[in-house]
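What follows is the residue order along each chain.
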Amino acid sequence: MSKQRVQFIKQAAGEDAQADASLIATVSDIISNVRQRGDAALRDYSQKFDGVAPEQLEVSAAEIEQALAQLADQTRQDSEFAIAQVRRFAEAQRATLQPLEIETLPGVHLGHRIIPIETVGCYVPGGRYPILSAPVMSIVPAVVAGCDNIIACLPPGAHPAMIAICHLAGAHRIFKVGGAQAIAAMAYGTASLPAVDKIVGPGNAFVNEAKRQVFGKVGIDALAGPSEIFIVADDSADPRVLAADLLAQAEHDVRTRVGLATTSERVAHATLREIEAQLASLPTAKTAGEAWQRQGEIVLCADEDAMVAYTDEIATEHLQIHARDPHALAARIRNYGSLFIGQNASVVFSDKCCGTNHTLPTMAAARYTGGLWVGAYLKTCTHQWIDDQGIVAIAAPAVRQSRTEGMQAHRRAAQIRLQPEKLDAILRGAED
């Protein structure tokens, strides 16, 4: 995209692109120690990082009952509403994934099955806020997918409500283990905590690096960076609403990337003023304000084509569309984690309870992947069966191709299934 077609009214300072070697080394040591010392290492790291070393790492039934009893009635009702919404959407997504059986040639039968992953580990972050929707987003789709064992790990200092929501969402077992050590434990297993097949859920830089390092031993959903929101807007957009949505995402973390791309110079400058005005009365202004100063962007685009090109280039996690015809503009854009069409579709609704998953690709990964969904907990595995009629159709090309490639064992494996008279004809044809 031509840089001449966009102008920065405010530009982000940017992040340090160099890898944090100390972070990589620290996480590597944690993983190695957990593999060697198991539960003892988990308790040591809990004491070191969280200031508490639980004697029992797994949350007991009594602790779950206590957490449920402490949960305010309205909070429970709202959480159950969110669980129901996420479940309903995940069930609708699951219904689109069907087994397949097809006869591609007479006697050649191909197909696939949709198979749930047996054991998944859901990391539930503690973080700055007790985000009650976090366990909902990772656990409920696993339930809908039909996973046999759903393990939840959360820091020992997490709010008790988080334990309650893990249980309500459908976790089979819950552990008071956080950070990189939780990822190591789920990847390799300890005496208390079983090894899983796939790890999902966001976390801090240590959790993210641990997921990167254990990938291969287990599957992971994605490598998550700081949260992101971009809004694309024409001159019909309301700067007050734009500013409110940008600051809502900015309060997540000081490294959150928030931005606006617009074709209207008036909207650009009015939004900039509105952000400063709203920060003055925002209780979380310390975090949101720093995120805005460090990573905030306002980009003035020459026209809609330039705005679409810029949007596809940044491939943001959350993308809101504020325009006269938001559906038409949305249809032109292809790179985003989740799309919010029209002024009423705020990211906050997806973050909390509308039903789409809030665990989404960051760092431009939306160029090649979508977010967490029920399909992330399923395997599409192919199969084939071939009768005698099918052998007639496919064995001859397989024999000839194997001979051409010099793969003689392959040739024999194909031709041994042929009747002698057909084999003679095939070999004569290959020699001609």
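Residues numbered from 1 in each chain as written. Predicted model: local features only at pLDDT ≥ 70, side-chain atom pairs only at ≥ 80, totals over all residues. Heavy atoms only, no water.

The protein chain carries the name Histidinol dehydrogenase in an unreviewed UniProt entry, which gives Pantoea leporis as its organism. UniProt, in the comment section headed Cofactor (unreviewed entry), describes the protein chain in these words: "Zn(2+)". Here is the UniProt Function (unreviewed entry) comment for the protein chain, exactly as written: "Catalyzes the sequential NAD-dependent oxidations of L-histidinol to L-histidinaldehyde and then to L-histidine." (UniProt positions renumbered as here; feature names shortened; annotations may be inferred.)

K.L.:
Can you help me understand the overall build of the protein chain in this one?
P.N.:
From N to C terminus, the protein chain includes 17 helices and 14 strands. Principal axes of the C-alpha set define a box for the protein chain whose edges measure 90 × 60 × 45 Å. Every one of the 432 residues in the protein chain was classed for burial, and the buried ones make up 47%. Put simply, 71% of the contacts in the protein chain that link residues at least 6 apart link residues at least 24 apart. Total accessible area computed for the protein chain in this model is approximately 20,700 Å², and 51% of it derives from carbon and sulfur atoms. Across the protein chain, the mean location of the 39 positive side-chain charges is 4 Å away from that of the 49 negative side-chain charges. (Helix = DSSP H or I, 4+ residues; strand = E, 2+ residues; numbered from the N terminus. Buried < 20%, exposed > 50% of the residue type's maximum accessible area, 1.4 Å probe, protein only. Contact = heavy atoms within 4.5 Å. Areas by Shrake-Rupley, 256 points an atom, 1.4 Å probe, with all protein chains shown as cover. Lys, Arg positive; Asp, Glu negative; His and termini not counted. Charge placed at Lys NZ, Arg CZ, Asp CG, Glu CD.)

K.L.:
What exactly am I supposed to notice about unusual backbone geometry here?
P.N.:
Peptide bonds are trans in most cases, and residues, glycine excluded, mostly fall at negative phi. Of note in the backbone geometry, Met 363 takes a positive phi value of approximately 55° without being a glycine. Within the secondary structure, Met 363 sits in the loop between α14 (347-352) and β14 (378-386). Of note in the backbone geometry, Ala 364 takes a positive phi value of approximately 65° without being a glycine. Relative to the assigned elements, Ala 364 resides in the loop between α14 and β14.

K.L.:
Help me understand the layout of surface pockets in this model?
P.N.:
Vacant regions in the atomic arrangement are exposed by a probe of water-molecule size rolled over the atoms. Approximately 400 Å³ is the volume attributed to the second largest pocket. Taken together, 22 residues form the lining of the second largest pocket, with Ile 131, Leu 132, Ser 133, Asp 351 and Lys 352 sitting closest to its centre. Going through the elements one at a time, α4 (73-95), α5 (133-145), α9 (239-250) and α14 are the ones with two or more residues in the lining of the second largest pocket. A breakdown of the residues in the lining of the second largest pocket according to their chemical character gives 11 nonpolar, 6 polar and 5 charged. (1 Å grid on protein atoms, 1.4 Å probe; cavity = no way out; pocket = protein on both sides within 12 Å on 5 of 7 lines; lining within 4 Å. Points joined across faces, edges and corners; volume = space filled by probe spheres on them. Nonpolar A, V, L, I, M, F, W, Y, C, P; charged D, E, K, R; others polar.)

K.L.:
Honestly, the side chain of Ser 46 in this entry has me stumped. Any pointers?
P.N.:
You can see Ser 46 is positioned in helix α2 (residues 39-50). For Ser 46, a relative accessible area of 0% translates into the label buried.

K.L.:
Even after reading the chapter, I still don't get the pattern of salt bridges, so can you show me in this structure?
P.N.:
Side chains that differ in charge, positive against negative, can pair when their charged atoms come close. The final tally for this structure, using the stated rule, is 13 salt bridges. The residue Arg 37 makes a salt bridge to Asp 44 at a minimum N-O spacing of 2.8 Å. With relative accessibility at 38%, the residue Arg 37 sits in the partly exposed group. By relative accessible area, which is 42% here, Asp 44 ends up partly exposed. Note that Arg 240 and Asp 238 form a salt bridge whose closest N and O atoms lie 3.1 Å from each other. Residues participating in the shared-partner salt-bridge network are Glu 304, Asp 305 and Arg 332. (Salt bridge = Lys/Arg side-chain N within 4 Å of Asp/Glu carboxyl O.)

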